[in-house]
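Letter by letter, the chains look like this.
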Amino acid sequence: MSPVRDIASAVLSRRISAIDLLEKCLAALPDPSRDSLHAITRLLPERARAEARAVDALVAAGADPGPLAGVPYGVKDLFDIAGLPTTAGSTIYAEAPPAKADAEAIARLRNAGAILVATLNMDEFAYGFATINARHGTTRNPHDQSRLAGGSSGGSAAAVAGGMLPFSLGSDTNGSVRVPASLTGIYGLKPSHEGLPLTGVFPFAKSFDDVGPFTVSAGDMALVWEVLSSRDAAPCGRPLRVARLGGRFRENADPEQLAAIDVIAGGTPLVEFPDVGRARSAAFLMTAFEGGSQHRDALSEQAMAFDPATRDRLLAGVLLPRGIYEEASRFRRSFLRELQKVMADFDVLLAPTTPCTAPLIEDPRILIDGALSPARADLGIHTQPITFAGLPSLSVPLRREGRLPIGLQLIGKPGGEPDLMHFAAKLEDDGITGFVVPSAAAMPAWFDMQWTAA
């Protein structure tokens, strides 16, 4: 199943028009007020129809509308969309002045023929791993609606995993793409830091923030990444050097994750990142400090308008001394130097994405080191150190028919996204990884792609 490629192929070959495909998509999408998954925050039908007609006009004229011709998608509710306020999931900015232009990532997708149809739910200001939002509700997991979809890009993940959209965009600061990708059983990419355009994306912690797509196949991920990055996803051309991450990455993990990693890696080395626990702590501190600084003025003027869970964490960040932040920043530089030594001999490192499957909404806690811990803070135990290092990381779904999904991280060198795409495609071809349609979700008829057959 590669709906992004299938749709673009069908539109370019005139087996279906972009506007007809869009109408199928819009008819299948629930109104945000009746969305049982709480994934959608706004539908954009008029904009989407204008974009679809523009694609069809190019096709009719014999011109190339781009590699994503007619493909519908949605974005996390922190991307600038011309004419709309950028809310970042908060009531505080619900009536903000409208954005004057689209975010750069949206502009690149539009220029490639993709059709923006919706904005998607998130933790307020992207602070959390759960997508528990006081305004828009808690995003539910398409595999089991009693469970979390993860966050903070949970709406973006649930919309793709639940068959609403072929792909979506989220943002990843400490795992906010990879965590929900793991919990909903799809592909989610955190690129090399600043490897994809951040212009027009509401910031959380600028030294960590990245844009990342969600897809249901490795091939679709490579195609969307090529459009967003303006790079070719062709791999290095030699056999990839693979290793397993050890130490803390072998703890707090599902046994099936570790077994799969060992099978994939064979007899390859088990390597360790130095001071990985300290790196995660430093990431927590720097994120809190930068997030608190970002919202300091709003907190002083209208603190009670914030989501209570977000407000308390941001206030804690405001209170952090700058000296602690600077010490964490110095450690980050030394950590990166040590990591360069570890990464020198390898192209892909394997690790768990999340420590467990999706927790229950009514009891959002997970086991960490044998004790129950808040999921909103600790689902990123294996993703935060990777973000701290600025490395690209692709979460891929283990094939687990009839069970809750869980993912593996494929971690690369800076700029090494093509190697990750290539390795992910191989795992998918081998049947080790791949999207499994949620048994609890009724996939819309337009999503099955049967009409794309030649």
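Quick look at the structure, then. (Residues numbered from 1 in each chain as written. Predicted model: local features only at pLDDT ≥ 70, side-chain atom pairs only at ≥ 80, totals over all residues. Heavy atoms only, no water.)

Okay, the pattern of salt bridges next. Any two side chains of opposite charge can pair if their charged atoms end up close together. For the coordinates displayed, the defined rule picks out 26 salt bridges. The closest approach of N and O atoms between Lys190 and Asp210, which form a salt bridge, is 3.2 Å. Highlighted residues: Lys190 in strand S9 (residues 187-190) and Asp210 in strand S10 (residues 210-215), separated in sequence by 20 residues. Residues Lys190 and Asp210 agree in their burial class; the two are buried. Here Lys426 and Asp430 are joined by a salt bridge, their closest N and O atoms 2.9 Å apart. Because the salt bridges share partners, they merge into one network encompassing Arg47, Glu51, Asp102 and Arg110. (Salt bridge = Lys/Arg side-chain N within 4 Å of Asp/Glu carboxyl O. Helix = DSSP H or I, 4+ residues; strand = E, 2+ residues; numbered from the N terminus. Buried < 20%, exposed > 50% of the residue type's maximum accessible area, 1.4 Å probe, protein only.)

Attention shifts here to the nonpolar core. Core analysis: the biggest nonpolar cluster contains 123 residues, and Leu68, Phe79 and Phe273 have the highest contact counts within it. The dominant element in this core, judged by the number of residues it contributes, is helix H7 (residues 218-229), at eight residues. Other than its neighbours up to four places away in sequence, Phe273 contacts Leu245, Phe249, Leu339, Val342, Leu349, Ile386 and Leu391. (Core = buried A, V, L, I, M, F, W, Y, C linked by side-chain atoms within 4.5 Å. Contact = heavy atoms within 4.5 Å.)

For the rest of this paragraph, the subject is helix H5 (residues 154-161). Among the eight residues in H5, eight count as buried, and that is most of the element. Within H5, the full set of buried residues consists of Gly154, Gly155, Ser156, Ala157, Ala158, Ala159, Val160 and Ala161. In this fold, the buried residues of H5 make contact with strand S2 (72-76), strand S3 (115-120), strand S6 (140-141), strand S8 (167-172), helix H6 (178-184) and S10. Downstream of H5 by one or two residues, Gly163 has phi in the positive range, about 80 degrees.

In this description, an aromatic ring pair is defined by two values, namely the gap between the centres and the angle between the planes. Applying the stated criterion to the full structure yields 13 aromatic pairs. Arranged with centres 5.0 Å apart and planes meeting at 10 degrees, the rings of Tyr73 and Phe167 form a pair that is stacked. Of the two residues, Tyr73 sits in strand S2 while Phe167 sits in strand S8, which places them 94 residues apart along the sequence. Ring geometry for Phe335 and Phe388: centres 5.5 Å apart, planes at 50 degrees, overall tilted. Highlighted residues: Phe335 in helix H12 (residues 322-343) and Phe388 in helix H14 (residues 384-389), separated in sequence by 53 residues. When sorted by exposure, Phe335 lands in the same class as Phe388, which is buried. (Phe/Tyr/Trp six-rings, centres within 6.5 Å; stacked < 30°, edge-to-face > 60°.)

One open sheet accounts for 11 strands, arranged S1-S3-S2-S8-S10-S9-S16-S17-S13-S11-S12; its pairing is mixed. Two strands bound the open sheet, and with one partner strand each, they are strand S1 (40-43) and strand S12 (270-271). One ladder, built from five bridges, connects strand S13 (residues 348-352) with strand S17 (residues 407-412); its direction is antiparallel. Each bridged residue has a counterpart across the sheet, and for Leu350 the counterpart in S17 is Leu410. Where helix H8 (residues 255-265) meets the sheet, its contacts fall on strand S11 (242-245), S13 and S17, and the angle it forms with S13 comes to roughly 160 degrees. (Pairing = 2+ DSSP bridges. Axes fitted to C-alpha atoms, helices over the stretch in contact; angles between N-to-C directions.)

Structurally, Ala8 is set in helix H1 (residues 3-12). According to the relative accessible area criterion, Ala8 is buried, its value standing at 4%. In this structure the C-alpha to C-alpha distance between Ala8 and Leu148, which are 140 residues apart in sequence, comes to 32 Å. Setting aside chain neighbours within four positions, we find Ala8 in contact with Pro67, Leu68, Ala69 and Val71.

Mapped onto the secondary structure, Ser373 falls in strand S15 (residues 371-374). Residue classification places Ser373 among the buried residues on the basis of a relative accessible area of 11%. In contact with Ser373, not counting residues within four places along its chain, are Pro364, Arg365, Ile366, Ile368 and Asp378.

A separate point is unusual backbone geometry. In this model, Gly151 is joined to Ser152 through a cis peptide bond whose omega is 5 degrees. Examined against the element boundaries, Ser152 turns out to sit in the loop between strand S7 (144-148) and H5. A positive phi angle, close to 60 degrees, is found at Ser230, a residue other than glycine. By the secondary structure assignment, Ser230 is in the loop between H7 and S11. Despite not being glycine, Asp369 has its phi angle at roughly 55 degrees, a positive value.

When two helices pack together, their arrangement is given by the angle between the helix axes and the distance between those axes. The contact between helix H9 (residues 276-294) and helix H11 (residues 308-318) brings their axes to 7 Å, and the two run at 95 degrees. With respect to H11, the element H9 is oriented roughly perpendicular. Between H9 and H11, the residues in contact are Phe284, Ala288, Phe289, Gly291 and Gly292 and Arg313, Leu314, Gly317 and Val318, respectively. Among the residues forming the contact of H9 with H11, the class breakdown is five nonpolar, three polar and one charged. (Parallel < 35°, antiparallel > 145°, perpendicular 65-115°, else oblique. Nonpolar A, V, L, I, M, F, W, Y, C, P; charged D, E, K, R; others polar.)

By the secondary structure assignment, Ala10 is in helix H1. We classify Ala10 as buried; its relative accessible area is 0%. The spatial distance from the C-alpha of Ala10 to the C-alpha of Ala157 is 24 Å, given a sequence separation of 147 residues.

In this section: H12. When the terminal C-alpha atoms of H12 are compared, their 31 Å separation across 22 residues agrees well with the 32 Å that a helix rising 1.5 Å per residue should span. All of the buried residues in H12 are Tyr325, Ala328, Ser329, Phe331, Arg332, Phe335, Leu339, Val342 and Met343. Close packing links the buried residues of H12 with S12, H9, S13, H14 and S17. (Expected span 1.5 Å × (residues − 1).)

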